[in-house]
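Report on the structure
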Amino acid sequence: MNENSSTPILTRQNNLQKALLDDICQIVSDATCDSEKVSKEKYEIKLKLIESAMDMSTQEKLDAMDKNYDCWNQEHWQNILTSAVVSFSVLGFIVVSPIAINAMRKINA
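Treat the numbers as computed from the prediction; the structure is a model and nothing was measured. (Residues numbered from 1 in each chain as written. Predicted model: local features only at pLDDT ≥ 70, side-chain atom pairs only at ≥ 80, totals over all residues. Heavy atoms only, no water.)

Secondary structure assignment for the protein yields 2 helices and 0 strands. In the protein, which comprises 109 residues, the share counted as buried stands at 13%. Contacts in the protein between residues at least 24 apart in sequence constitute 68% of all its contacts with a sequence separation of at least 6. Accessible area of the protein: about 8,700 Å², with a carbon and sulfur share of 64%. (Helix = DSSP H or I, 4+ residues; strand = E, 2+ residues; numbered from the N terminus. Buried < 20%, exposed > 50% of the residue type's maximum accessible area, 1.4 Å probe, protein only. Contact = heavy atoms within 4.5 Å. Areas by Shrake-Rupley, 256 points an atom, 1.4 Å probe, with all protein chains shown as cover.)

Our next topic: the packing of aromatic side chains. Evaluation of the coordinates by the stated rule reveals 3 aromatic pairs. Taking the centre distance of 6.2 Å and the plane angle of 70 degrees together, the rings of Y43 and Y69 count as edge-to-face. Placement of the pair is Y43 in helix α1 (residues 2–52) and Y69 in helix α2 (residues 58–108), with a sequence separation of 26 residues. Aromatic pair Y69 and W72: ring centres 5.7 Å apart, planes at 45 degrees, arrangement tilted. In this pair, Y69 and W72 are both assigned in helix α2, 3 residues apart and thus about one turn of the helix distant. Given the relative accessible area of 39%, Y69 is considered partly exposed. The structure contains a cluster of three or more aromatic residues connected by ring pairs, namely Y43, Y69 and W72. Looking at K40, its charged tip hangs above the ring of W72, at a distance of 5.0 Å from the centre. (Phe/Tyr/Trp six-rings, centres within 6.5 Å; stacked < 30°, edge-to-face > 60°. Lys NZ or Arg CZ within 6 Å of the ring centre and 35° of its normal.)

Our focus in this paragraph is a nonpolar patch on the surface. On the surface, F88, L91, V95, V96 and I99 cluster together to form a nonpolar patch covering roughly 480 Å² of accessible area. You can see F88 is positioned in helix α2. (Patch = residues over 30% accessible without salt bridge, like charges linked within 9 Å, V, L, I, M, F, W, Y side chains within 5 Å. Salt bridge = Lys/Arg side-chain N within 4 Å of Asp/Glu carboxyl O.)

Tallied over the entire structure, the rule returns 1 salt bridge. A salt bridge links E75 to K42, with the nearest nitrogen and oxygen atoms 2.9 Å apart. Residue E75 is located in helix α2, and its partner K42 is located in helix α1; the two are separated by 33 residues in the primary sequence. Residue E75 is classed as partly exposed on the basis of its relative accessible area, which comes to 23%.

Our focus in this paragraph is a negative patch on the surface. Together, D55, E60, D63, D66 and D70 make up a negatively charged patch on the protein surface. Topologically, D70 is positioned in helix α2. (Lys, Arg positive; Asp, Glu negative; His and termini not counted. Charge placed at Lys NZ, Arg CZ, Asp CG, Glu CD.)

Looking at the element boundaries, C33 is found in helix α1. For C33 and I80, which are 47 residues apart along the polypeptide, the C-alpha to C-alpha distance reads 10.0 Å.

The next thing to look at is the side chain of S39. Among the secondary structure elements, S39 is positioned in helix α1. Ignoring anything within four residues of it in the chain, the contact list for S39 reads W72, E75 and N79.

From the geometry alone we can't say anything about function, so treat these as descriptive.
What follows is the structure in structure tokens.
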């Protein structure tokens, strides 16, 4: 009788895990897309300011454009790394926490 009642609990737990994982993946994806969009907008605004500057020589503009691109590229990789770390951390937590709970239940039983 105990085995019959444990099946719906496992199904509910799996559904909850799947729902949590889907929601968190969507949140991380949205945050990553937003940060990429903001980073790209900053790069383009700075590029327009550099191009329209009248008090800079051509070499200074080129140097400023290179520095601007380097900063944008660094932000881009930071965004990718941050989203990967957050995604794997959350995924690990969602996968490992039920395993840890079951292990604790077996120890206490």
